[in-house]
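One letter stands for each residue in the lines below.
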Amino acid sequence: MTVTDRFLEFVKINSQSDPTTGVTPSTHIQLDFAQFLKGKVEQMGLEEITLDEKGYLMATLPANTDKALPTIGFIAHLDTAPDMSGKDVKPRIVSHYDGSDIVLNQEKGIVLSPSEFPELLNYVGQDLIVTDGTTLLGADDKAGIAEILTAVEYLQNHPEIKHGKIRIGFNPDEEIGEGAHNFDVPLFGCDFAYTMDGGAVGELEFENFNAAGAKIVINGRNVHPGTAKGKMVNSMLIAAKLINMLPATETPAHTEGYEGFYHLTGVKGDVEQTTVSYIIRDFDRNKFDLRKQTLIDAVAEINKEYPGAATLTLTDQYFNMREKIEPVMHVIELADKAMREAGVTPRVQPIRGGTDGAQLSFKGLPCPNIFAGGENFHGRYEYVPVPSMEKAVEVIVNIARLAAE
C-alpha cells in the first residue's frame, strides 16, 4: 500500500481534538482512530502492540540482526487541529501542478493561489493533495502516520535492509499541547526517537520555544457612573495600562527566527473584573526568564497604583529541547545523513512553537522533529505534495538502515 493510499484513507477519518473537555483523549473519535490503526498494525504483523484507554498506541518491528543496536522510535499524533473542521474531509489530487491557481471550491470561490502562498511554486510538476476548501486536510499529522507505517512495511518487505528494533507510537491531543503528558516513555523503551510532524520537505528541528502561559485577573469597583467620581475603578482601563507596559514591538506580528515575544491571546471583562491572557515565548532560557520577570514587575507596578487589584497566574508550559538534544547530537547527525542519502537537503531551523518531541525530550526520550511534508497546516488551504511524503518514508528507512551500519 502506498503512502498516498494510506494518507487518503486516514484523512477521511475525523479525529479532531478539543481543548475544552478536560479528559484524555479529549475526543472519543481519537480513540476510534487509534483502534482503527491498531487493526492496521495487527494486520501488518507487528509485535508488542499496546493501546491504552487514553489512546496511546505503540507497536514494534523486531530487529532483523543480532548486532547490538539502539532501539529507535518514530512518533506521530492522531489528532487534527481544532482550528477548523476535520469532518468529512474530501481530499483531491492535483496531478502535475502547473503553477497556476488551484480552485478548491468553485461554488464558494475558494482558491489556493501562489500569489498568496508563493511556496506553491516549489512544487510545480508534482502531484499535490488538497482539500475542497471546507475543511482542513489533516496532513498534520496523518501524513506522519502514513509515512511511518509505509516505511515499516517497506522494511518488512526488504529483509536485506538490516535494522535494529523499531518502535512506533501514535498519541492523541498534540494539537492542544497534551500529547506527551501521558506518553509512557519507559513502556516505549527507545534510546531516541523522532516525531514525524514537521512541515515542508527537509525540515529537521531540535530547537523550540520555551513557553509559559499567563493569566492576570484585575478587579475593579463599579458604581453608578453619575456618582462615580473618586469611587469607580474601571478594571478594563487598568488592563489597558498593563498591556501598554509590555514592549509593543515584541509580539508575534513583529518577530521571526530566534526572536521571542509576548502574545496577548485574550481580554475579557467589564468594569468590575477583567481577565487578560498572554503566552510568553523565547528560545533562550535566560531571556525567557527575563520576559516572565517583566510581566511580574508590570503586575507589581499595577498593584502599587491600585493595591491588590491584579492577580497573576504564571505557568511554564514546555522548554527548548535543544538542551536535551545537544548531549546526543549523533541523533541529529543520523537524521541529517538519512536525508542527504534520500536526496533531501536538510533545513535545520528552530520551531516557533512546540512539539510533543520537546516534552518527550524532557521526559528522558531525545526526540527531534522531521518533516512530514505538508504546508498551510490548520486551515482550508492545507496541502501536501506526494513526493514530500515519499521522501519522508525514504528518510525513515534510511535512519533504520544507517543506525545498523
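An account of the accompanying structure is given in this report. This one's a predicted model, so the numbers in the text were calculated from it and none came from an experiment.

Cut-offs used in this document
In this convention, every chain numbers its residues from 1, walking through the sequence in written order. Where local features are concerned, this predicted model is filtered to residues with pLDDT of at least 70; where side-chain atom pairs are given and counted, the filter is 80 or more; whole-chain, interface and lining totals use all residues. The side-chain values count all of the structure's non-hydrogen atoms but skip hydrogen atoms and water molecules. What makes a salt bridge here is a side-chain nitrogen of Lys or Arg within 4 Å of a carboxyl oxygen of Asp or Glu, nothing more. With a 1.4 Å probe rolled over the protein chains alone, any residue whose accessible area is under 20% of its type maximum counts as buried; one over 50% counts as exposed, and the rest are partly exposed. Working convention: axes come from line fits to C-alpha atoms, limited for helices to the stretch in contact. Angles between N-to-C directions cover 0 to 180 degrees. Comment: elements are numbered from the N terminus, with helices defined as DSSP H or I runs of at least four residues and strands as E runs of at least two. By convention, the crossing between two helices is left-handed when the near helix turns anticlockwise from the far helix through less than a right angle, and right-handed when the turn is clockwise. Residue contacts are defined here by distance: any two heavy atoms, one from each residue, within 4.5 Å place the two residues in contact. Under the scheme applied, nonpolar residues are Ala, Val, Leu, Ile, Met, Phe, Trp, Tyr, Cys and Pro; charged residues are Asp, Glu, Lys and Arg; polar residues are all the others, including Gly. Two strands form a pair only when DSSP identifies at least two bridges running between them. Two rings belonging to Phe, Tyr or Trp (six-membered ring only in the last case) form a pair when the distance between their centres is within 6.5 Å. Interplanar angles under 30 degrees mark stacking, angles over 60 mark edge-to-face geometry, and anything in between is tilted. Helix span, expected: 1.5 Å multiplied by one less than the number of residues in the helix. Here, the arc refers to the directions that run from the helix axis to the C-beta atoms. In this description, a nonpolar core means a group of buried Ala, Val, Leu, Ile, Met, Phe, Trp, Tyr and Cys residues linked to one another through side-chain atoms lying within 4.5 Å. Residues adjacent in sequence count toward polar contacts only when both atoms are side-chain atoms; beyond that, a polar contact is any pair of N or O atoms within 3.5 Å, and within protein one must be able to donate a hydrogen and the other to accept it. Note on angle classes: values under 35 degrees are labelled roughly parallel, values over 145 roughly antiparallel, values of 65 to 115 roughly perpendicular, and the remainder oblique.

1. Examining the pattern of salt bridges
- This structure, assessed with the given rule, holds 18 salt bridges.
- Note that arginine 291 and aspartate 282 form a salt bridge whose closest N and O atoms lie 2.7 Å from each other. Aspartate 282 matches arginine 291 in its accessibility class, with the two residues each being buried.
- Note that arginine 322 is salt-bridged to glutamate 326, the shortest N-O span being 2.6 Å.
- Members of the salt-bridge network, linked through shared partners, are Glu207, Arg322 and Glu326.

2. Some points on the packing of helix H5 (residues 235-245) against helix H6 (residues 285-305)
- Viewed as axis vectors pointing N to C, H5 and H6 meet at an angle of 140°, and their least axial separation amounts to 10 Å. The hand of the H5/H6 crossing is right-handed. Contacts between H5 and H6 involve Ile238, Lys241, Leu242 and Met245 on the former and, on the latter, Ala298, Val299, Glu301, Ile302 and Glu305.
- Tallied by class, the residues present in the contact of H5 with H6 amount to six nonpolar, no polar and three charged.

3. A look at the sheet that holds strand E1 (residues 47-51)
- Here we have eight strands laid out as an open sheet, ordered E1-E2-E8-E3-E9-E16-E10-E15, and mixed in their pairing. The two strands at the open ends of the sheet, each matched to only one other strand, are E1 and strand E15 (347-348).
- Strand direction decides the pairing type here: strand E9 (residues 192-198) and strand E16 (residues 369-371), joined by three bridges, are parallel. In the strand pairing of E16, glycine 198 is matched with phenylalanine 371.

4. Some details on unusual backbone geometry
- Note the cis peptide between threonine 24 and proline 25, where omega equals -5°.
- Mapped onto the fold, proline 25 is located in the loop between helix H1 (3-11) and helix H2 (28-43).
- Between aspartate 140 and aspartate 141 the backbone carries a cis peptide bond, its omega angle lying at 15°.
- Along the chain, aspartate 141 falls in helix H3 (residues 139-157).
- The phi torsion at glutamate 48 lies on the positive side, around 50°, for a residue other than glycine.
- Topologically, glutamate 48 is positioned in strand E1.
- Of the residues examined, glutamate 48 reaches a relative accessible area of 44% and is grouped as partly exposed.

5. Observations regarding the packing of aromatic side chains
- Under the defined criterion, the tally for this structure stands at 14 aromatic pairs.
- Here tyrosine 123 and tyrosine 383 contribute two aromatic rings whose centre-to-centre distance is 6.1 Å and whose plane-to-plane angle is 75°, an arrangement assigned as edge-to-face. Within this pair, whereas tyrosine 123 is found in the loop between strand E6 (110-112) and strand E7 (128-130), its partner tyrosine 383 is found in strand E17 (residues 383-385), the two being separated by 260 residues in sequence.
- With a relative accessible area of 5%, tyrosine 123 lands in the buried category.

6. Side note on the sheet that holds strand E4 (residues 92-94)
- The antiparallel open sheet is built from three strands, whose spatial order is E4-E7-E17. Across the chains shown, the open sheet's two edge strands, defined by having one partner strand only, are E4 and E17. Each neighbouring strand pair of the sheet contributes to a mean axis angle of 25°, computed without reference to strand direction.
- For E4 and E7, the ladder comprises three bridges, and the chain directions are antiparallel.

7. Considerations on helix H8 (residues 330-341)
- Taking 1.5 Å of rise per residue, the twelve residues of H8 would be expected to cover 16 Å, and the 16 Å separating its terminal C-alpha atoms lies within 8% of that figure.
- All of the buried residues in H8 are Val331, Ile332, Leu334, Ala335, Ala338 and Met339. Along the axis of H8, the buried positions cluster into a sector of 160°, meaning they face one direction only. Turned more than 90 degrees away from the buried face of H8 sit Glu333 and Arg340, all of them exposed.
- Each element contacted by the buried residues of H8 is listed here: strand E3 (72-77), E9, strand E10 (203-205), helix H7 (322-325), E16 and helix H10 (386-404).
- Just downstream of H8 lies glycine 343, where phi reads positive at about 80°.

8. With respect to the nonpolar core
- Formed by 65 residues in total, the largest nonpolar core has its most connected members in Phe7, Phe170, Tyr194, Ile370 and Ile399.
- By size, the runner-up hydrophobic cluster in this structure holds 19 residues, among which are Ile216, Ile218, Val233 and Leu246.

9. So, the environment of leucine 149
- Structurally, the position occupied by leucine 149 is in helix H3.
- Leucine 149 gets classed as buried once you look at its relative accessible area, which sits at 1%.
- As for leucine 149 and leucine 37, which are separated by 112 residues in sequence, their C-alpha atoms are 9.7 Å apart.
- The contact partners of leucine 149, leaving out residues within four places of it in the chain, are Arg6, Phe10, Leu37, Val41, Met44, Ile168 and Phe170.

10. A closer look at the side chain of serine 17
- Looking at the secondary structure, you find serine 17 in the loop between H1 and H2.
- Relative accessible area serves as the criterion here: at 4%, serine 17 is assigned to the buried category.
- Side chain to side chain, serine 17 and aspartate 79 meet in a polar contact 2.8 Å long.
- For serine 17, the residues in contact, after removing those within four places along its chain, are Ser26, Thr27, Gln30, Asp79, Thr80, Pro82, Asp173, Glu175 and Ile176.

11. Remarks on the packing of H8 against H10
- Running from amino to carboxyl end, H8 crosses H10 at an angle of 120°, the nearest separation of the two axes being 8 Å. Here H8 lies oblique to H10, going by the angle between them. Remark: the crossing between H8 and H10 carries right-handed chirality. Judged by residue contacts, Leu334, Ala335, Lys337, Ala338, Met339 and Glu341 of H8 engage Glu394, Val395, Asn398, Ile399, Arg401, Leu402 and Ala403 from H10.

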